[in-house]
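Descriptive structure summary
Given next are the chains, with one letter for each unit.
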Amino acid sequence: MRLDVLTIFPEYLEPLRHALLGKAIEQDIIQVGVHNLREWTSDVHQAVDDSPYGGGPGMVMKPSVWGPALDDVAAGTGPAASCSDLISSVPHRLLGTSSSDAAAPRLGEESPTTKPLLIVPTPAGVPFTQDMAARWSTEKHVVFACGRYEGIDQRVVDDAANTYRVEEVSIGDYVLIGGEVAVLVMVEAIVRLIPGVLGNAASHQDDSFQNGLLEGPSYTKPRRWRGLDVPAVLLSGNHGKVERWRRDQSLLKTAARRPDLLEAAQEAGLLTKRDQQVLDAGTPLEE
Ligand code: ADE
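All of these numbers come straight from a predicted model, not from anything done at the bench.

Conventions used here
- Residues numbered from 1 in each chain as written.
- Predicted model: local features only at pLDDT ≥ 70, side-chain atom pairs only at ≥ 80, totals over all residues.
- Heavy atoms only, no water.
- Domains from an automatic or database assignment.
- Near = heavy atom within 4 Å.
- Polar contact = N/O pair within 3.5 Å; in protein donor to acceptor, adjacent residues only side chain to side chain.
- Areas by Shrake-Rupley, 256 points an atom, 1.4 Å probe, with all protein chains shown as cover.
- Helix = DSSP H or I, 4+ residues; strand = E, 2+ residues; numbered from the N terminus.
- Nonpolar A, V, L, I, M, F, W, Y, C, P; charged D, E, K, R; others polar.
- Patch = residues over 30% accessible without salt bridge, like charges linked within 9 Å, V, L, I, M, F, W, Y side chains within 5 Å.
- Salt bridge = Lys/Arg side-chain N within 4 Å of Asp/Glu carboxyl O.
- Buried < 20%, exposed > 50% of the residue type's maximum accessible area, 1.4 Å probe, protein only.
- Lys, Arg positive; Asp, Glu negative; His and termini not counted.
- Charge placed at Lys NZ, Arg CZ, Asp CG, Glu CD.
- Contact = heavy atoms within 4.5 Å.
- UniProt positions renumbered as here; feature names shortened; annotations may be inferred.
- Phe/Tyr/Trp six-rings, centres within 6.5 Å; stacked < 30°, edge-to-face > 60°.
- Lys NZ or Arg CZ within 6 Å of the ring centre and 35° of its normal.
- Pairing = 2+ DSSP bridges.
- Right-handed = clockwise from strand over helix to strand, strands pointing away.

Observations concerning the domain arrangement of the chain
Entries for the chain in the domain assignment read domain 1 (2–91 + 114–192) and domain 2 (224–281). A straight line from the C-alpha centre of domain 1 to that of domain 2 covers 39 Å.

Right, here's the structure in full:
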């Protein structure tokens, strides 16, 4: 997967080089270009914003800068062509192995889409979900356009639909200073779902939201810590019992914290009769 980010603060995207994302870069599972939007300005001040038509506070980002920038990033032309991809900060443990050996086959590559996906983070966007992360994890080319100030001139987003499939997306009901942090959030959620990125392929199968429920608690050694014991069932070696206990914990936590998710799971027919008994009892049926 290729990821390109357009921003006036390229340094904000530095975390993409680290930890598992850095490893994914090193393994050539993802290629990441971070582009400074000011490279597409033509005035001496490198201005990217101007006052809003109709008045009001703040500034709006200029279409005359964003338009050519998005055209170039889609086509790999202009300043976008001379931008070097991010280099992983992860120590090079894989030297000597071919990157294609390390990269898992990608769904997006099997069914090429005509237009790249453009994601525009904005508090006025549709809420980002795990489902979107899963769908977008099979894309070939995803571009993020980071707005600042009062946002980007709407015509940029409207016009970009000629070149991209455009999604305006919010990461939550709060307002950030700009889209960069939202991009970090979305990239992490998307990239960890690409086969080969998480060490253990099963690691994300029990994720919160993956099955419509929140994930239950986890424990590791020691068995007893500060007077608190690991639940006995997890030491029983009985796989069936452990799975049922985890399911119960997941149901009860979801009921307590996210009744909206539970209701959706019920409506989607994702709950068994036994699940419903646990919820009615308000406690695990067995330990
Ligand atoms: N930009 C500012 N606030 C945002 C939010 N909540 N989600 C996505 N992008 C944003």
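The discussion continues.
A closer look at the site of the ligand
Surveying the vicinity of the ligand reveals the residues Pro121, Thr122, Pro123, Val169, Ser170, Ile171, Gly172, Tyr174, Val175, Leu176, Gly178 and Ala182. The contact in question runs from a nitrogen atom of the ligand to an N or O atom on the backbone of Gly172, over 3.1 Å. Within the backbone of Leu176, an N or O atom sits 2.9 Å from a nitrogen atom of the ligand. Coverage of the ligand by the protein amounts to 96% of the 270 Å² it exposes when considered alone. Contributions of two or more residues to the shell around the ligand are made by β5 (117–127) and β7 (165–170). Here the shell around the ligand gets three residues from one element, more than from any other, and that element is β5. Split by residue class, the shell around the ligand holds eight nonpolar, four polar and no charged.

Some remarks on a nonpolar patch on the surface
There is a patch of nonpolar side chains on the surface, built from Tyr12, Tyr174, Leu176, Val181 and Val185 and spanning about 410 Å² of accessible area. Within the fold, Val181 resides in helix α7 (residues 180–191).

Digging into the pattern of salt bridges
With the rule as written, the count across this model stands at 12 salt bridges. When the shortest N-O distance is used, the salt bridge between Arg148 and Glu180 registers 2.8 Å. Taken together, the residues span a long stretch of sequence, with Arg148 in the loop between β6 (141–145) and α6 (154–160) and Glu180 in helix α7 at a distance of 32 residues. Both residues of the pair, Arg148 and Glu180, belong to the buried class.

Topic: a negative patch on the surface
Taken together, the side chains of Asp71, Asp158, Asp159 and Glu168 make up a negatively charged region of the molecular surface. Counting through the fold element by element, Asp158 comes out in helix α6. Asp158 gets classed as partly exposed once you look at its relative accessible area, which sits at 49%.

As for the side chain of Arg148
Overall, Arg148 belongs to the buried group, its relative accessible area being 9%. A distance of 2.8 Å separates a polar atom in the side chain of Arg148 from a polar atom in the side chain of Glu180. Excluding residues within four positions of it along the chain, Arg148 makes contact with Ile8, Phe9, Tyr12, Met61, Ile177, Gly178 and Glu180.

What about the UniProt feature "binding site: S-adenosyl-L-methionine" (unreviewed entry) in the chain?
Per the UniProt record, the feature "binding site: S-adenosyl-L-methionine" (unreviewed entry) sits at Gly147, Ile171, Gly172, Asp173, Tyr174, Val175 and Leu176. Looking at the secondary structure, you find Gly147 in the loop between β6 and α6. Apart from residues no more than four positions distant in its own chain, Gly147 is found in contact with Met61, Ile152, Gly178, Gly179 and Glu180. You can see Ile171 is positioned in the loop between β7 and α7.

Re the packing of aromatic side chains
Counting across every chain of the model gives two aromatic pairs. Their ring planes at 45° and their centres at 6.1 Å tell us that Phe9 and Tyr12 sit as a pair that is tilted. Judged by relative accessible area, Phe9 falls into the partly exposed class, the value being 28%. By relative accessible area, Tyr12 is classed as partly exposed at 34%. Positioned over the ring face of Tyr12 is Arg148, at 5.1 Å from the centre of the ring.

Details of the pairing of strand β2 (residues 31–36)
With six bridges joining them, strand β1 (residues 2–7) and β2 adopt parallel strand pairing. Across the sheet, residue Leu3 finds its bridge partner in β2, namely Val32. As for the winding sense of the linkage, the β-α-β connection from β1 through helix α1 (residues 19–26) to β2 is right-handed.

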